[in-house]
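Here are the chains, one letter per residue:
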Amino acid sequence: METAVPVGRPRTVARLAFLGGAIYVVLFVVGTILLFSGAPDSSSAPAKVIKWYSDSGHRDRINGGWILIGLSLFFLLWFVAALRCAVSLVDAEGILTTIVGLGGGIYIAVAGAAVALSDGIRTMSDDTYQHRVFPELIHAADDVGWVMHATGALGLAAMIIAASLAFMWAGTWPTWAGWLGVVVGILSLASVVFFPQFLFLLWILIVSILMFLRSKPTARTV
């Protein structure tokens, strides 16, 4: 006699962890808008930069962006863990599994450091004598933060390529979807030019939602 038994909690955790990718994308985009929108270009006249960053409301908005991006990376960590587990089920050698975990972890660590550095320097007038603003330092923070994030995206590119190859070779994904993922990963290596960042965000969003829906818990029989 067969009896329906609910799927255990671990599978529920894994399913929810996949949804962390979609949450990451939403929070990251909103946080980035708060962090950078409206701010004068780093090449603007020093007087314009000083005036904008002297406004405490603008600094509060930057801090809000930092908080949202930090939270987005927290949720991305869960997605990376779930993706690594899924890849491990079809990766006999374990190499692609390792790359998924390391690549995602490297991106999270470097991206977190980049946004913290940018936020700290751009709002440092809160802690300086007479709330002084230093345009040169803000210019440096923008450039360093951008390059750091693009460098961390190399790990994300490796994660995307490894996961796409693993699922394609295992027949979990159609061949076209696997190669499309590989192309997205390769283009993400050039995230310093900005456009590829939209591609890896889109890849994470789509894979997050599809894996979440695909891993819907069902009853099992014993």
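No experiment lies behind these values; they were computed from the predicted model shown.

### Digging into the pattern of salt bridges
Right, on to step 1. The final tally for this structure, using the stated rule, is one salt bridge.
Right, on to step 2. With its nearest N and O atoms 3.7 Å apart, the salt bridge here joins Asp142 to Arg122. Pair noted here: Asp142 is in helix H5 (residues 135-169) and Arg122 is in helix H4 (residues 95-122), with a separation of 20 residues, a long-range link.
Right, on to step 3. Since its relative accessible area comes to 17%, Asp142 is described here as buried.

### Some thoughts on helix H2 (residues 46-53)
Right, on to step 1. The set of residues buried in H2 consists of Val49, Trp52 and Tyr53. In a view along the axis of H2, the buried residues occupy a sector of 90°, so they form one face of it. Along H2, exposed side chains directed more than 90 degrees from the buried face belong to Ala47 and Lys51.
Right, on to step 2. Looking at the packing, one finds that the buried side of H2 touches helix H3 (56-88), H4 and H5.

### So, the nonpolar core
Right, on to step 1. Membership of the largest hydrophobic core comes to 48 residues, with the highest contact counts inside it found for Tyr24, Tyr107 and Trp203.
Right, on to step 2. Tallying contributions element by element places H5 first for this core, with 11 residues.

### Things to note about the packing of aromatic side chains
Right, on to step 1. Evaluated as defined, the whole model comprises nine aromatic pairs.
Right, on to step 2. Centre to centre, the rings of Tyr24 and Tyr107 are 6.5 Å apart; their planes meet at 85°, and the pair counts as edge-to-face. Of this pair, Tyr24 sits in helix H1 (residues 9-36) while Tyr107 sits in helix H4; the two residues are 83 residues apart in sequence, bridging distant segments of the chain.
Right, on to step 3. Residue Tyr24 is classed as buried on the basis of its relative accessible area, which comes to 0%.
Right, on to step 4. Here the aromatic rings of Phe74 and Phe75 are separated by 5.3 Å at their centres, their planes lie at 80°, and the arrangement is edge-to-face.
Right, on to step 5. A connected cluster of aromatic rings, assembled from ring pairs, spans Tyr24, Phe28, Tyr107 and Phe200.

Rules used in this analysis
- Residues numbered from 1 in each chain as written.
- Predicted model: local features only at pLDDT ≥ 70, side-chain atom pairs only at ≥ 80, totals over all residues.
- Heavy atoms only, no water.
- Salt bridge = Lys/Arg side-chain N within 4 Å of Asp/Glu carboxyl O.
- Helix = DSSP H or I, 4+ residues; strand = E, 2+ residues; numbered from the N terminus.
- Buried < 20%, exposed > 50% of the residue type's maximum accessible area, 1.4 Å probe, protein only.
- Arc of directions from axis to C-beta.
- Contact = heavy atoms within 4.5 Å.
- Core = buried A, V, L, I, M, F, W, Y, C linked by side-chain atoms within 4.5 Å.
- Phe/Tyr/Trp six-rings, centres within 6.5 Å; stacked < 30°, edge-to-face > 60°.

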